[in-house]
Amino acid sequence: MTAIQGAVFGEVKKNWGWLLALGIASIVLGTLGFYMTFAFTLTSVLLFGVLLLLGGVFQLVHAITCQGWKSILWHVLIALLYVAAGIDIIVDPIRASSVLTLILAGILIAVGVSRIVISLQLRAAVNGWYWSLLSGLISILLGGMIVAQWPASGLWVIGLFVAIELVFSGWSTIFVALAARKAARQETLTA
């Protein structure tokens, strides 16, 4: 068991405290996010815009430095689209968050319908097919709730999802850190 844990955790066993701190910080930040969903939404959307802008600038620089490439025009056009999208998001992050939220709602509804179809196709062969059906219904319900409150939902949905992700990621990281600490202690005892 120790060899497996050593292979799994590697150097994390020695630095599990940093991983634990990261998990705790993620939970704290995510919990704050539940009370600041608007700020989290704007921050997330602005970060997305900045990343698009930077990606476009880097791609444009790369396109300019690639002399003799037959696809350089397309490369430049893609770069300019990235730059334009990034600037558009940065200039009006509220509108961007509303559009992104509506897209997210559509994706949730489409995924929900797909899960329901899959569950119905598998119901004769899979004992737990109803979990996929339930998952599909919940996805459709979430997407429908977002659409029903749109465009106001564009001000809080992305921030709420980021906060939820931070909390769950934080707990996951804490459990990995504690398992690494346990592996380190077992390694010390067997050495």
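Quick note: structure is the one above.
What you see is a predicted model; the values in this text were computed from it and never measured.

Trainee: Hey, could you go over the side chain of Gln-59 for me, with residue numbers and the actual values?
Mentor: By secondary structure assignment, the location of Gln-59 is in helix α3 (residues 37–65). Within the structure, the side chain of Gln-59 is placed 3.3 Å from the side chain of His-75, a separation counted as a polar contact. Apart from residues lying up to four places away in sequence, Gln-59 is in contact with His-75, Ile-78, Ala-79 and Tyr-82.

Trainee: Would you mind going over the nonpolar core in detail, with residue names and values included?
Mentor: Val-45, Leu-52, Ile-89, Ala-96 and Ile-158 form the largest nonpolar core, which has 5 residues in total. Aside from chain neighbours lying at most four places away, what touches Val-45 is Ile-89, Pro-93, Ala-96, Ser-97, Leu-100 and Ile-158.

Trainee: Residues and numbers for the packing of helix α4 (residues 72–91) against helix α5 (residues 93–122), please.
Mentor: Contact geometry of α4 with α5 gives a least axis separation of 5 Å together with a crossing angle of 110°. By the criterion of interaxial angle, the relationship of α4 to α5 is roughly perpendicular. Each of Asp-88, Ile-89, Ile-90 and Val-91 in α4 lies in contact with α5, whose residues at this interface are Pro-93, Arg-95 and Ala-96. Looking at side-chain class alone, the contact of α4 with α5 contains 5 nonpolar, no polar and 2 charged residues.

Trainee: Account for α3, naming residues and giving values.
Mentor: For α3, built from 29 residues, the straight-helix expectation of 42 Å at 1.5 Å per residue is met to within 8% by its first-to-last C-alpha distance of 42 Å. Among all positions in α3, only Thr-37, Phe-40, Thr-41, Leu-42, Val-45, Gly-49, Leu-52, Gly-56, Gln-59 and Ala-63 are buried.

Calculation criteria
Within any chain, residue numbers begin from 1 and follow the written order of that chain's sequence. Where totals are concerned, whole chains, interfaces and linings use all residues; where local detail is concerned, this predicted model gives features only for residues with pLDDT of at least 70, and gives and counts side-chain atom pairs only at 80 or more. Only heavy atoms go into the side-chain values, all of them from the structure, while hydrogens and water stay out. Labels follow the DSSP assignment, with helices taken as runs of H or I lasting at least four residues and strands as runs of E lasting at least two, numbered in each case from the N terminus. Polar contacts here mean pairs of N or O atoms no more than 3.5 Å apart (in protein, one a potential hydrogen donor and the other a potential acceptor; neighbouring residues in sequence count only if both atoms are side-chain atoms). Here a residue-residue contact requires only that any non-hydrogen atoms of the pair lie within 4.5 Å. The set of buried Ala, Val, Leu, Ile, Met, Phe, Trp, Tyr and Cys residues whose side-chain atoms join them within 4.5 Å is what this entry labels a nonpolar core. Type-normalised accessible area, obtained with a 1.4 Å probe on protein chains alone, sets the label of each residue: buried when under 20%, exposed when over 50%, and partly exposed for intermediate values. Convention adopted: a line fitted to C-alpha atoms gives each axis, helices being fitted over their contacting stretch, and angles between N-to-C directions are expressed from 0 to 180 degrees. Every angle not falling under 35 degrees, over 145, or within 65 to 115 is termed oblique; those three ranges are roughly parallel, roughly antiparallel and roughly perpendicular. Amino acid classes used here: Ala, Val, Leu, Ile, Met, Phe, Trp, Tyr, Cys and Pro are nonpolar; Asp, Glu, Lys and Arg are charged; the rest, including Gly, are polar. Residue count minus one, scaled by 1.5 Å, sets the expected span of a helix.

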